[in-house]
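# Structure at a glance
Below are the chains, spelled out letter by letter.
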Amino acid sequence: MASHIVGYPRMGPKRELKFALESFWDGKSSAEDLQKVAADLRESIWKQMTDAGIKYIPSNTFSYYDQMLDTTAMLGAVPPRYGWNGGEIGFDVYFSMARGNASVPAMEMTKWFDTNYHFIVPELGPDVNFSYASHKAVTEYKEAKALGVDTIPVLIGPVSYLLLSKPAKGVEKTFSLLSLLGKILPIYKEVISELKEAGASWIQFDEPTLVMDLESHKLEAFTEAYSELESTVSGLNVLIETYFADIPAKQYKTLTSLKGVTALGFDLVRGTKTLDLIKGEFPKGKYLFAGVVDGRNIWANDLAASLSTLEALEGVVGKDKLVVSTSCSLLHTAVDLVNETKLDKEIKSWLAFAAQKVLEVNALAKALAGEKDEEFFSANVAAHTSRKSSPRVNNEAVQKAAAALKGSDHRRVTNVSARLDAQQKKLNLPILPTTTIGSFPQTMELRKVRREYKAKKVSEVDYVEAIKKEISKVVKLQEEFDIDVLVHGEPERNDMVEYFGEQLSGFVFSANGWVQSYGSRCVKPPIIYGDVSRPKSMTVFWSALAQSMTSRPMKGMLTGPVTILNWSFVRNDQPRFETCYQIALAIKDEVEDLEKNGITVIQIDEAALREGLPLRKSEQAFYLDWAVHSFRITNCGVQDTTQIHTHMCYSNFNDIIHSIIDMDADVITIENSRSDEKLLSVFREGVKYGAGIGPGVYDIHSPRIPSTDEIADRINKMLAVLETNILWVNPDCGLKTRKYTEVKPALSNMVAAAKLLRTQLASAK
């Protein structure tokens, strides 16, 4: 029996790639140093899979930043602003596209389907001259081969690449990206020919857009693309990999009849209905790569259940054509449980990180071939049994409280415009009020003091003193800049979800369970293993302290329930909405405690609301309903004079704007600058928005410092579509990852721009 891994995390078990990248970007190490770290990581991954007995091992899933960006480089589709003049694309152009540079901004970044991974969005138009400009796929295949490993080179499929792109600036929004198919296929042919020549016998095309609701012309593009590639791929086994959801019947029909394709891969964890399609009809003689091991979560596989699924499939496709696989790339899961020496033993037995999932895939393949590892299987049964019956997982009081929420609607009694009037009387803010999103730069000293406090090297008294000093510095700074609504800068927080998870019951944390979010940025998602509740207040001490340092309003800063849910590894033994309601009740307690302690502006961030949206339209209304309800639960009990803010980032909101309005927040701040003001088009198209709104006026994910005029120009664009009295002025996102040398001039320019426009608006009256 054969086994296959769709893709593997590239950061390394201890984030080796992250540190190598950041050292290179800071000019502290050379390109050769970076390449050496990368080569060592690739070698260890290939060796690990070989040792585990995996037959189909992927190559070219490693990336220095992002696989979509790698494809853009392969196709030579570099936007003109990066000044590339042809030839093989090097690190300078590659990283400029990803991160921007001193003179030009980065390309847009957005979520990869419904995950917390971000990809760099290609900018295409009729004038792009595609050319084969990065030979990475071939180089990596040869590199593995030289190490004695014959891999399956992985490419983002041509149709998904185009469907995930956007028209470049200045190109008509209606431009058909699929019209470029004929221009990119010749390059795919060159790559395939070189891979064949290098000795590849298999090739994997990732075409995840096949699980989406696609209009027929988009579906036809798949038929067209693979017919065109048929003669080039002849002699190769071609695997088309889909993932993240059920594949609709129409798409399944298209996929199974593609020319030149010998193998089909499906996510059978999130795509349980796909099983019925396969059982109903599967093309004779083709391979089925059955994704039964979850690439999106960290729970140990239920091996017995997976085995019976595989046995049923074996009856449909035949023993020699069934390959055991992961549901998607393991990029979305943590790397290796071996590095978790402090994790609770019982909970650890319930988990499997990427390295353990590789072993699960192989154990299932061997069991199918009649070589079942009885010890491995019985340990798995024991773990599942202990998890089901563990009293640590179940809390009856919490379950009852959450169950009681389902039928009712939780809303603030007064409508938003009346609340805004009451809040304005209390807060007395100028027009175009300024604020920031919450965090201020996290300096080395700050991280050190937190680390030492955690390791008990610093006393609580000294720790509190250090944090207090930092908050005081941040408050003074904001007062100097004359910002209207202040934040305390969050110096006590490691991560916006982790910080809360550590104080809620039902959560556990890994030491090295890092997952790549974008570039070198990694997050360490909490693991929600049981019912969630809040034993005591989490932020009141710091927020009240910060408020005591200023007469200006100080925002209380919380992470919302949907974001905590979407940015955690969530238990898979109950529906997601039940867990979300439990978290919402915990946050509600915190909101009410903040209000009791004199905090009258409270921000409940829902950065990840949009990313949890199911990929299929038929499932979206249900999700939005419980997600929005969860947000409203958190603040339905506060007074009219308490102003509730929320923040959202990195999303295309146009399709969910009505749900955002339904959240009924008083003020919403939204990432806007990198997506080229795409957000504002909803308001141009006549959507009425009566609450306060702050579309970010500059991109904090780039070191660039925007000028006062540039920011004023941005605000003017917003004023063209939004009422003056509801517009707020703020950066795109928190400032945690930036340096003070960037933050100070940027905020100073931001306030200057707001004041400039206030003066202009007053004289226009």
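Note that the structure is predicted; figures quoted are calculated from it, not measured. (Residues numbered from 1 in each chain as written. Predicted model: local features only at pLDDT ≥ 70, side-chain atom pairs only at ≥ 80, totals over all residues. Heavy atoms only, no water.)

### As for the pairing of strand β11 (residues 287-293)
What counts, and what does not: Throughout, exposure labels follow a simple rule: accessible area from a 1.4 Å probe, protein chains only, divided by the maximum for the residue type, with under 20% read as buried, over 50% as exposed, and the rest as partly exposed. Secondary structure is summarised from DSSP: a helix means a run of H or I of at least four residues, a strand means a run of E of at least two, and numbering begins at the N terminus for each. Note: two strands are recorded as paired if DSSP finds a minimum of 2 bridges between them. Look down the strands so they point away from you; if the path from the first strand over the helix to the second goes clockwise, the crossover is right-handed.
A large share of β11 lies buried, amounting to seven of its seven residues. Alignment of strand β10 (residues 263-267) against β11, held across five bridges, turns out to be parallel. Bridging from a neighbouring strand, Ala263 pairs with Tyr287 of β11. With respect to chirality, the unit in which β10 leads through helix α10 (residues 274-280) into the neighbouring parallel β11 is right-handed. Here β11 pairs with strand β12 (residues 322-326) via five bridges, running parallel.

### As for the UniProt feature "domain: Cobalamin-independent methionine synthase MetE N-terminal" (unreviewed entry) in the protein
Selection rule: UniProt positions are given in the numbering used here, feature names are shortened, and annotations may be inferred rather than shown by experiment.
In the numbering used here, UniProt assigns the "domain: Cobalamin-independent methionine synthase MetE N-terminal" (unreviewed entry) feature to residues 3-316. Helix makes up 41% of residues 3-316 and strand 14%, whereas the separation of the span's terminal C-alpha atoms amounts to 18 Å.

### A short note on the side chain of Gln356
Filter applied, for reference: Nitrogen and oxygen atoms within 3.5 Å of one another constitute a polar contact, given that in protein one can donate a hydrogen and the other can accept it, and given that sequence-neighbouring residues count only through two side-chain atoms. Should any heavy atoms of two residues lie within 4.5 Å, those residues are counted as being in contact.
Looking at the element boundaries, Gln356 is found in helix α13 (residues 354-368). For Gln356, a relative accessible area of 16% corresponds to the buried category. A distance of 3.1 Å separates the side chain of Gln356 from the backbone nitrogen of Leu337, its partner in a polar contact. Those residues in contact with Gln356 that lie beyond four places of it in its chain are Asp336, Leu337 and Val338.

### As for the sheet that holds strand β2 (residues 57-59)
Where we set the bar: In this analysis, axes come from line fits to C-alpha atoms, helices being fitted only over the stretch in contact, and the angle between any two N-to-C directions falls in the range 0 to 180 degrees.
Taken together, the eight strands give an open sheet; going across it, the order is β1-β12-β11-β10-β9-β8-β6-β2, and neighbouring strands pair in parallel fashion. The sheet is open, and its two borders are formed by β1 (2-4) and β2, each paired with just one other strand. Averaged over all neighbouring strand pairs, the angle between strand axes comes to 30°, with direction disregarded. In this sheet, strand β8 (residues 202-206) lies alongside strand β6 (residues 151-156) in parallel orientation, the contact comprising three bridges. By the bridge assignment, Ile156 is partnered in β8 with Asp206. On top of the sheet, helix α2 (residues 31-52) reaches β2 and β6; it is set at about 165° to β2, its chief contact.

### Overview of the nonpolar core
To be explicit about the condition: We define a nonpolar core as any set of buried Ala, Val, Leu, Ile, Met, Phe, Trp, Tyr and Cys residues linked to one another through side-chain atoms lying within 4.5 Å.
Counting 105 residues, the largest nonpolar core has Phe440, Tyr698, Ile715 and Leu747 as the members making the most contacts within it. If we ignore the near neighbours within four places in the chain, the residues touching Leu747 are Thr436, Phe440, Phe481, Ile483, Tyr698, Pro731 and Leu735. Counting 104 residues, the second-largest nonpolar core is a separate cluster that includes Leu181, Phe244, Ala354 and Phe377.

### With respect to empty space enclosed by the protein
Put simply, the test is: Here a cavity means grid points, on a 1 Å grid over the protein atoms only, where a 1.4 Å probe fits yet cannot get out; a pocket means an open set of points with protein on both sides within 12 Å along at least five of seven lines; lining residues are those with an atom within 4 Å of a point. Grid points are joined across faces, edges and corners, and a volume is the space filled by probe spheres set on the points. Each residue gets one of three labels, nonpolar for Ala, Val, Leu, Ile, Met, Phe, Trp, Tyr, Cys and Pro, charged for Asp, Glu, Lys and Arg, and polar for the others, Gly among them.
Applying the stated criterion across every chain, the model contains eight cavities of 30 Å³ or more. Estimates place the volume of the largest cavity at around 570 Å³. Elements with a minimum of two residues in the lining of the largest cavity: β14 (515-518), β15 (521-523) and β17 (555-559). It is β17 that contributes the most residues to the lining of the largest cavity, three residues altogether. Grouping the constituent residues of the lining of the largest cavity by class yields 17 nonpolar, twelve polar and eight charged. A volume near 130 Å³ is recorded for the second largest cavity. If you trace the second largest cavity, you find 16 residues lining it, with Gln67, Trp112, Tyr243, Ser329 and Leu331 closest to the centre. For the lining of the second largest cavity, the class distribution of residues is nine nonpolar, five polar and two charged.

### Structural notes on α2
For an α-helix, 3.6 residues make a turn, and residues three or four places apart therefore share a direction. Basically, it comes down to this: Here a helix's expected span is defined as the number of its residues, less one, multiplied by 1.5 Å. As used here, the arc is the angular range of directions from the helix axis to the C-beta atoms.
Across its 22 residues, α2 extends 32 Å between first and last C-alpha, which sits within 8% of the 32 Å expected from 1.5 Å per residue. Buried within α2 are the following residues: Leu34, Ala38, Leu41, Arg42, Ile45, Trp46, Met49 and Ala52. Buried residues along α2 cover an arc of 130° about the axis, so they all sit on one side. Within α2, the exposed residues directed more than 90 degrees away from the buried face are Glu32, Lys36, Lys47 and Asp51. Looking at the buried residues of α2, the elements they touch are α1 (16-25), β2, α4 (91-99), α5 (136-146), β6 and α13. Two residues or fewer past α2, Gly53 is found with a positive phi of approximately 90°.

### Digging into the sheet that holds strand β18 (residues 601-605)
If you walk across this open sheet you meet the five strands as β17-β18-β19-β20-β21, and the pairing is parallel. Every other strand in the sheet has two partners, leaving β17 and β21 (692-695) as the edge strands with one partner each. Averaged over all neighbouring strand pairs, the angle between strand axes comes to 20°, with direction disregarded.

### Topic: the pairing of β12
Among the five residues that make up β12, five are buried, leaving the element largely enclosed by the rest of the structure. Residues Leu322, Val324 and Thr326 point to one face of β12 and Val323 and Ser325 to the other, with burial holding for every one of them. In this fold, β11 hands off to helix α11 (residues 303-317), which returns the chain to β12; that crossover is right-handed.

### Topic: α4
In terms of burial, α4 is a largely internal element, seven of the nine residues being buried. Those residues of α4 that fall on the buried side of the exposure criterion are Phe91, Val93, Tyr94, Phe95, Ser96, Met97 and Ala98. Taken together, the buried residues of α4 touch α1, α2, α3 (67-74) and β4 (118-120). After α4 finishes, the residue Gly100 shows a positive phi value of roughly 75°.

### Description of the pattern of salt bridges
When the charged atoms of two side chains with opposite charge come close together, those side chains can pair. What counts is decided by this rule: Each salt bridge in this description consists of a side-chain nitrogen of Lys or Arg and a carboxyl oxygen of Asp or Glu lying within 4 Å of one another.
Throughout the structure, instances matching the rule amount to 43 salt bridges. With a shortest N-O distance of 2.9 Å, Lys18 and Glu22 are connected by a salt bridge. A residue pair is termed a helical-turn pair when its members lie 3 or 4 positions apart in one helix, as Lys18 and Glu22 do in helix α1 at four residues. When its relative accessible area of 13% is taken as the criterion, Lys18 is described as buried. Overall, the relative accessible area of 26% leaves Glu22 in the partly exposed class. Overlapping salt bridges, with partners in common, bring together Arg42, Asp70, Lys136, Glu140 and Glu143 in one network.

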